2 protein chains.
Amino acid sequence: MITREESESRISTLQRQLKGKGLDGALFIFPIDVYYFAGTRQNATIWIPVAGEPILMVRKSLARARNESPLTDIRPFPSSKEFASALPAEALKIGFTYDVAPVQQLNFYAKMLAGREFVDISPLNREIRSVKSTFELQQMKRSGDILSSIFLNVPGFLKEGMRELDLAAEFEYRLRKAGGEGYVRMRAYNQEFFGGLAVSSGAASYGFLDGAVSGKGLSNTSPQGASLEVITRNVPVLLDYCGVFNGYISDMTRIYVFGAVDPELQRAFDLAIEIQAYLQRELKPGVICEELFLNAVEIAEQGGFGDKFMGMPGEQARFVGHGVGLELDEFPVIAQGFKVPLQSGQTIAIEPKFVVPGKGVVGIENTFAVSPQGGIKMTDIPDGITFLP
Amino acid sequence: MITREESESRISTLQRQLKGKGLDGALFIFPIDVYYFAGTRQNATIWIPVAGEPILMVRKSLARARNESPLTDIRPFPSSKEFASALPAEALKIGFTYDVAPVQQLNFYAKMLAGREFVDISPLNREIRSVKSTFELQQMKRSGDILSSIFLNVPGFLKEGMRELDLAAEFEYRLRKAGGEGYVRMRAYNQEFFGGLAVSSGAASYGFLDGAVSGKGLSNTSPQGASLEVITRNVPVLLDYCGVFNGYISDMTRIYVFGAVDPELQRAFDLAIEIQAYLQRELKPGVICEELFLNAVEIAEQGGFGDKFMGMPGEQARFVGHGVGLELDEFPVIAQGFKVPLQSGQTIAIEPKFVVPGKGVVGIENTFAVSPQGGIKMTDIPDGITFLP
């Protein structure tokens, strides 16, 4: 449950932004956007006027939305004829999330609200959500704590000779029993993510996933994450998993190996730790995201691993960190072209990784909160490679 | 891998439909649509002209797309300036999937292809995919066989006193080890699904999910499926799970109980079996979907359970079956308003269920293939309630 104060604070932040853009209100139809403002993820649309009370219009389940949401005006979804009159007649400029709303949805609302103008507020919406409240930071820390506890247990269930898939199953089983909600929300078009990656081979570490490591997966329809490959001696195992608790996603990566790692991979890993330390120090309000990325690339290059940073040559991702919260791919992105300053309370997964073709994948990932003192680690267990006998 | 013949057959079916609608071609950008025609689910866009060879334009990973797809023209995604010239100049009317394409995506392509007309081909696309090829029916049967094998093992891991969540974790663990790919694709806006439902309480069986039973879930952000409620004696446990193998989804439900079921619930269950038997007989080409739904409602009403059919009073879903394949919610839908005839080779999950407030949820679900002899069961294990000591 989110409190009325939490909901009101989010809504008033949005209303200030709408006012600044000269908009009369916004309609949100994407489930997690509705949840953020209304505290319920039932099938509903929320109208938030630039001033005054929002209206939550619910398709299914109205009873459940009323139980869950702290809002006061919660109604059945109006008929097409009545929809226009649910909104104030003077609301002519309406914000809408063009990043996730299908064309059919915009057409549906635009037809009912003929004569009013729709304006894309996708970036504004994502910017608001990137800054977490105290309540949200607590949720993120709790998510990070539970996920961390599963990572700490990996040496108890990771066995030499098991398939990547077996390791994934063992990890996911424990995560689920610990209350993991499972479904990892992503906003970007064309992305999908099932819980995490258990990858031990550097050979097929690339794919559609916007990240350094994809994994081979189980088929061409699910070409990411664990495969049927067997985990063998002296080959690092990369575990990159998300925990979802009360909707809040923590994201972390650790490396495990039976025996030893190749010296080149160890050097790459040490470089990843160095990059993470640099970024953690700089996760302060006002620092420009793009500069962090370019400096991370610089460290990788000076370390002699520039062409293996964030993916194998030709498949390199152009980022080193991403906002995370109710979605896995929130703002800000620590990436080229992202010339915006960090803000206190943003939560960011920092994930410097290296792919050394033929040898394997190594790296580190933790979720941090931006603060005046630098990044506060929300996934607070040791970073080093876990060596198993 | 899909073969060149399989891909060519799908593409030529589409081309005939495009020709019939006077379109010059279609652009597909939704991952599973691209996969269906191209055999790869990398991040790519496919141009399929009304006649001639398709072009697969790949953002990431080009190398992997080339390994996976049987198509011949596979290229890097063009720059914005070059995109228009990748398509034939005479292609002026272009099909696009407005049901799933975000507004930003349509705007992106419409800007690059200024002067050309975009036409919504969402229904056409779903209709084509609803009819499965021999290869696809084999995939569906394999998916149903593996999923069935997990259901047969439930008595070995379902324990009195465990939480719904524990049961979900045990089921999902075995499904994953058996090769389950996990991510269940849904097309409908505002729907999400994480593998399945393990629900023992009738109290919170409603929610945003378009189905008879939602489950309470673990939080307001994930309000479906297993909760922390404990499984107790004489209360039926409903397990509704999807298996995803090589992308193909099978969908089934079975009921388990420690001790006995309330006689009213047993009557409701028997009625579900009766409705399923009726529907299975009628799953023949030419039969109208809506009539099947209305007749199912009639049987439920005559049995005295009309107000509890497909959900509790006030929360009833208006369907009794749905197409299933690469997505959980394919065409056709056995629902009111769906006045189209069944076609041979369509695969449909039939799921008559009843919710008796205060007592529990019961029902059955199997995936069938439409054939001249009626529905062929792809999830072929006994339907009855499993009574545990």
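One structure accompanies this document, and this report is about it. (Residues numbered from 1 in each chain as written. Chains lettered and ligands numbered in written order. Predicted model: local features only at pLDDT ≥ 70, side-chain atom pairs only at ≥ 80, totals over all residues. Heavy atoms only, no water.)

**Some words on the overall build of chain A**
Consideration 1: Check the secondary structure of chain A and you find 11 helices and 17 strands.
Consideration 2: Its C-alpha atoms put chain A at 70 × 40 × 35 Å along the principal axes.
Consideration 3: Counting every position in chain A, which comprises 389 residues, the buried fraction comes to 64%.
Consideration 4: Long-range pairs, those at least 24 residues apart, make up 67% of the contacts in chain A with a sequence separation of at least 6.
Consideration 5: Of the roughly 13,200 Å² that chain A leaves accessible, carbon and sulfur atoms contribute 53%. (Helix = DSSP H or I, 4+ residues; strand = E, 2+ residues; numbered from the N terminus. Buried < 20%, exposed > 50% of the residue type's maximum accessible area, 1.4 Å probe, protein only. Contact = heavy atoms within 4.5 Å. Areas by Shrake-Rupley, 256 points an atom, 1.4 Å probe, with all protein chains shown as cover.)

**A look at the pattern of salt bridges**
Residue and element names in this part refer to chain A.
Consideration 1: Counting across every chain of the model gives 60 salt bridges over all chains.
Consideration 2: Between E136 and R10 there is a salt bridge, with its nearest N and O atoms 3.8 Å apart. Here E136, found in helix α7 (residues 134-152), pairs with R10, found in helix α1 (residues 4-20); they are 126 residues apart in sequence, far enough to count as distant. We note that E136, like R10, is buried.
Consideration 3: The closest approach of N and O atoms between E330 and K132, which form a salt bridge, is 2.5 Å. Of this pair, E330 sits in strand β11 (residues 330-335) while K132 sits in the loop between α6 (122-130) and α7, and the two are 198 residues apart along the sequence. (Salt bridge = Lys/Arg side-chain N within 4 Å of Asp/Glu carboxyl O.)

**A few points about the sheet that holds strand β15 (residues 366-369) of chain B**
Residue and element names in this part refer to chain B.
Consideration 1: Ordered by their spatial adjacency, five strands build an open sheet running β11-β10-β12-β15-β16, and the pairing between neighbours is antiparallel. One side of each edge strand has no neighbouring strand; the edge strands of this open sheet are β11 (330-335) and β16 (376-377).
Consideration 2: Where strand β10 (residues 319-323) meets β11, four bridges bridge the pair, whose relative direction is antiparallel. From the neighbouring strand, F319 faces β11, where its bridge partner is A335.
Consideration 3: The strands touched by helix α11 (residues 289-302) are β10 and β11; relative to β11, the strand with the most contacts, the crossing angle is about 40°. (Pairing = 2+ DSSP bridges. Axes fitted to C-alpha atoms, helices over the stretch in contact; angles between N-to-C directions.)

**Describing the packing of α7 of chain A against helix α9 (residues 164-177) of chain A**
Helix-helix packing: each pair is described by the crossing angle between the helix axes and the interaxial distance.
Residues and elements named next belong to chain A.
Consideration 1: At a closest axis distance of 10 Å, the pairing of α7 and α9 adopts a crossing angle of 140°. Comparing their axes, α9 and α7 come out oblique. The way α7 lies across α9 gives a crossing that is right-handed. The residues of α9 that touch α7, namely those facing L147, I150 and F151, are F171, R174 and L175.
Consideration 2: Looking at the contact of α7 with α9 residue by residue, the classes come out as five nonpolar, no polar and one charged. (Parallel < 35°, antiparallel > 145°, perpendicular 65-115°, else oblique. Left-handed = near helix turned anticlockwise from the far one by under 90°. Nonpolar A, V, L, I, M, F, W, Y, C, P; charged D, E, K, R; others polar.)

**Quick word on the nonpolar core**
Consideration 1: The biggest cluster of nonpolar side chains holds 112 residues, and the ones touching the most others in it are L27, L56 and F354 of chain B.
Consideration 2: Taken domain by domain, this core gets at least three of its residues from each of domain 1 (4-128) and domain 2 (131-388) of chain B.
Consideration 3: Aside from chain neighbours lying at most four places away, what touches L56 of chain B is V34, A38, T40, A44, T45, I46, A65, S69, L71, D73, I74 and R75 of chain B.
Consideration 4: Judged by nonpolar contacts, the second largest core, of 111 residues, contains L71, L283, V297 and V356 of chain A. (Core = buried A, V, L, I, M, F, W, Y, C linked by side-chain atoms within 4.5 Å. Domains from an automatic or database assignment.)

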